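Geometric and topological summary
The primary structure of each chain is shown beneath.
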Amino acid sequence: MAASAAAAVQALSENPEALFLDASELLLRYADNILRNPNEDKYKSIKIENQTFSNRLLPVKGAVECLFEMGFEEEETHLVFPKNGSVQRLQRVRDLIAAERSRRTAAKNPGPVSTPVSTSAQPNVPGVSFRALPFFNRTPRPPPVQNSAGNLLATLKTHFQEVLMYEDPKLQQKALACIPVRELRKRANGKLLSATKLDPGTIVNQEDFLLLELLRWFKEDFFQWVDCLPCSTCGERTESSGSLPPSSEDQRWGAGRVENHLCRKCHTSNRFPRYNHPEKLLETRRGRCGEWANCFTLCCRALGFEARFVWCTTDHVWTEIYSVSQKRWLHCDPCENVCDKPLLYEIGWGRKLSYIFAFSKDEVVDVSWRYSCKHTEVLTRRTQLSEGLLRETINKLNSERKHFLPQERKQELLERYIVELVEFISPKTPKPGELGGRTSGSVMWRVARGETGSQAQNDGFSFTATDKEKAAKLFHLKYNAAEDHYVRVSNNNEVIKGWEKGVWKMDSVFRKVEQDWKMVYIARTEGTTSAKVSWKFECGSLGLKIVDVTIRSTSQTFQSGKVQWHLYSDLIKVDLSGDPSAHSLSNFNGSTELILEAEMSGGDGDVAWQHTQLFRQSLNDHEEYPMEIIITLKDL
């Protein structure tokens, strides 16, 4: 415990001076409040979405780990210090932080420095060198520090060397032995035939479909995401409890960090080495994004794809595959089972991007611009080093690596790079599949990293009665999927363009346009097993309440697909049996808000997501409105 606490504080201390002092001040305040007021529950809960916490601690390396070492535990929306939490444990971590803070402030201001509540002036951890402990995170979010340029350039060189592992023929054979190649190719051929029938002029080939099948297999059948391991003794869920020293065997496979997953039931300590060698990952088949991208990139090379390992400075990694038929690099994230959705991180997850690099056996490329539609904003965050120095370093690395390549290969890489540069010049427009938040990892993991997407964070749109609607005591809204717009009839036929603009909450849904069948509908995201979408109306804040409601909303299912409609308010909830093509309800009388929700699930086979459809209609149908809501109002 002492070693893991010191490791967390060491990680915190590696931040730049101003960042460390600010974060440590807040951490000490949290600890001191509990120590001074042990019976006050209000000091033992930290809301994850609180701006102070999310702005001053979440982005700081080691800060959240220090809270966990103090004894804080994860709940749905808060970090909580439990009632039976060890005050002594909290005191020890608090003292480590205070001692490091005292050392720094003393260096600036010679003389005695007071550290309230502390019972020890210096950390006393037997057998642990406080200044020599490793970082808590392998790939931390880089703060704007003085030596950040050196750190970034060193990481470029490290990754550029590491990707050569994927070229080992013996390692590729081990990967191939794990992949059901024949089955994946059979499925890919079937889908290619179907695609060719629908679009005889398609430019994709079997390899493109094989890539999609490999992604699906890797996500669904081969690799597992790890938040916390199940207990090896009793099988119960464990909790992260700092880190453990790596063994020589761990280090042999590149695990410089070992997480301690502690079982609260039987108190067994479960070791989770963070392996970096893809050969070991073929055996363990588990981890987080680093392990996923590492092993997946090897599998891609084993199948003959040209693959690049992609590293983003905002703490995520994935893979790029070159499509020979499309003559371009495709974004592939095995954690999410997505392909060719590069704006997912910036738009869907809400990442503030700056530097993203792709590494292959032949070259390293700055691909930041592929993953952003906000190039101007990205430039303002690229402050770790000058653009000139970055280009010079990349050119030097590539020159050294390409020196022994045949001239034909050099020319091929040059022509590809020119195509990439043309792509980078013009910012993209987000596609439907790039709008959602992250799906891999626990809710806490995603919330803490700000990757749930805006809709998943409950800040969607709510219809509120306008002055005109208040005067008329009427709210009337309808939606046309073909036009993709709402018409607010009760507000002078106001048109709201874009279905997302009127949504209260959504999870794994998008608007699907079938150009071949000339149809359009709202569907689940490809590959998902369930999805939800809802719309909200509120009138209580304007002194109004609901009298009655009329709902007309269509959905269509195929095979075993199921759509369940719910209508609820602050007073009542009603499950609308069947398709609510026409429901008039008076039992919402007195409510001040109303939410209509559709829940989609079921379906069969690879296209199960298409077996539940909302508002399906012809692209040529501009008159019909498959969703309509009419609410009669009265004064409170």
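In what follows, the structure referred to is the one given above.
Within every chain, residues take consecutive numbers counted from 1 along the sequence as written. With the structure being a predicted model, the display of local features is reserved for residues of pLDDT at least 70 and the display and counting of side-chain atom pairs for 80 or more, all residues being used for whole-chain, interface and lining totals. Note: side-chain values were computed over all heavy atoms of the structure, leaving out hydrogens and water.

1. Remarks on the pairing of strand S30 (residues 627–635)
Under the convention used in this document: When DSSP finds two or more bridges between a pair of strands, those strands are recorded as paired. By definition, any uninterrupted DSSP run of H or I lasting at least four residues is a helix, any uninterrupted run of E lasting at least two residues is a strand, and each is numbered from the N terminus.
Two elements, strand S16 (residues 474–480) and S30, share six bridges in a ladder whose sense is antiparallel. Residue pairing for S30: leucine 474 is matched across the bridge by threonine 632. Relative to S30, strand S23 (residues 544–553) runs antiparallel, the two being bridged by nine bridges. Each bridged residue has a counterpart across the sheet, and for isoleucine 551 the counterpart in S30 is isoleucine 629.

2. Brief notes about the pairing of strand S22 (residues 530–538)
This is how it is decided: With a 1.4 Å probe rolled over the protein chains alone, any residue whose accessible area is under 20% of its type maximum counts as buried; one over 50% counts as exposed, and the rest are partly exposed.
In terms of burial, S22 is a largely internal element, seven of the nine residues being buried. Bridging between strand S15 (residues 463–464) and S22 involves two bridges; their strand directions are parallel. Within the sheet, the bridge partner assigned to phenylalanine 463 lies in S22 and is phenylalanine 537. Direction of pairing for strand S19 (residues 505–507) relative to S22: antiparallel, over a ladder of three bridges. Along S22, the bridge assignment pairs methionine 506 with valine 533. Strand direction decides the pairing type here: S22 and strand S28 (residues 593–601), joined by nine bridges, are antiparallel. Note on S28: the bridge partner recorded for lysine 532 is glutamate 599.

3. So, the sheet that holds strand S7 (residues 269–273)
Selection rule: Note on geometry: axes are lines fitted to C-alpha atoms, helical ones only across the stretch in contact, with angles between N-to-C directions running from 0 to 180 degrees.
As summarised here, the arrangement of the three strands in space is S5-S6-S7, forming an open sheet in which the pairing is antiparallel. One side of each edge strand has no neighbouring strand; the edge strands of this open sheet are strand S5 (239–244) and S7. Here the strands of the sheet are splayed against their neighbours by 35 degrees on average, with no regard to which way each runs. In this sheet, S7 lies alongside strand S6 (residues 258–262) in antiparallel orientation, the contact comprising five bridges. Bridged to leucine 262 within S7 is serine 269.

4. A short note on the side chain of lysine 44
The line we're drawing: Asp and Glu are treated as the negative residues and Lys and Arg as the positive ones, with His and the ends of the chain left uncounted. Each salt bridge in this description consists of a side-chain nitrogen of Lys or Arg and a carboxyl oxygen of Asp or Glu lying within 4 Å of one another. Residues adjacent in sequence count toward polar contacts only when both atoms are side-chain atoms; beyond that, a polar contact is any pair of N or O atoms within 3.5 Å, and within protein one must be able to donate a hydrogen and the other to accept it. A contact between two residues is defined here by any heavy atoms of the two lying within 4.5 Å.
Checked against the element boundaries, lysine 44 lands in the loop between helix H2 (17–36) and strand S1 (45–47). It is aspartate 41 that comes nearest to the buried, bridge-free lysine 44 among opposite-charge side chains, at 4.5 Å. Of the polar contacts made by the side chain of lysine 44, one reaches the backbone oxygen of proline 38; its length is 2.6 Å. Leave out the neighbours within four places in its chain, and lysine 44 touches Ile34, Pro38, Phe72, Leu79, Val80 and Phe81.

5. Some details on empty space enclosed by the protein
Stated precisely, the cut-off is as follows: Put plainly, a pocket is an open set of points on a 1 Å grid over the protein atoms alone with protein on both sides within 12 Å along at least five of seven lines, a cavity is a set where a 1.4 Å probe fits but cannot get out, and a lining residue has an atom within 4 Å of a point. Grid points are joined across faces, edges and corners, and a volume is the space filled by probe spheres set on the points. All amino acids are sorted into three groups, where Ala, Val, Leu, Ile, Met, Phe, Trp, Tyr, Cys and Pro are nonpolar, Asp, Glu, Lys and Arg are charged, and the leftover types, Gly among them, are polar.
Within this structure, the stated rule accounts for three cavities of 30 Å³ or more. Along its surface, the largest cavity is lined by 14 residues, and Glu306, Ala307, Ser360, Lys361 and Asp362 are the ones closest to its centre. When grouped by side-chain class, the residues that make up the lining of the largest cavity number six nonpolar, one polar and seven charged. Taken as a whole, the second largest cavity holds about 70 Å³ of empty space. As for the second largest cavity, its lining consists of 13 residues, of which Trp535, Lys536, Phe537, Leu594 and Ile629 are closest to the centre. Looking at the lining of the second largest cavity, the elements with two or more residues in it are S16, S22, S28 and S30. Looking at the lining of the second largest cavity, its residues break down into twelve nonpolar, no polar and one charged.

6. A closer look at unusual backbone geometry
Despite not being glycine, asparagine 492 has its phi angle at roughly 60 degrees, a positive value. Checked against the element boundaries, asparagine 492 lands in the loop between strand S17 (485–488) and strand S18 (494–497). Of note in this structure, phenylalanine 615 is not a glycine but carries a positive phi near 60 degrees. Checked against the element boundaries, phenylalanine 615 lands in strand S29 (residues 612–618). Looking at phenylalanine 615, the relative accessible area reads 1%, which means it is buried.

7. Observations regarding the sheet that holds S29
The four strands lie next to each other as S20-S21-S29-S24, forming an open sheet whose pairing is antiparallel. Across the chains shown, the open sheet's two edge strands, defined by having one partner strand only, are strand S20 (509–514) and strand S24 (555–557). Averaged over all adjacent pairs, the angle separating strand axes in this sheet is 35 degrees, with direction ignored. Judged from the three bridges that link them, S24 and S29 form a sheet pairing that is antiparallel. Counterpart to threonine 557 in the pairing with S29 is threonine 612.

8. Details of helix H9 (residues 206–222)
The element H9 is largely enclosed, with a buried count of twelve among its 17 residues. Those residues of H9 that fall on the buried side of the exposure criterion are Gln206, Asp208, Phe209, Leu210, Leu211, Glu213, Leu214, Leu215, Arg216, Trp217, Phe218 and Phe222. Between the side-chain oxygen at the start of H9 and the backbone nitrogen of glutamate 207 there is a gap of 3.1 Å, and the oxygen is on asparagine 205.

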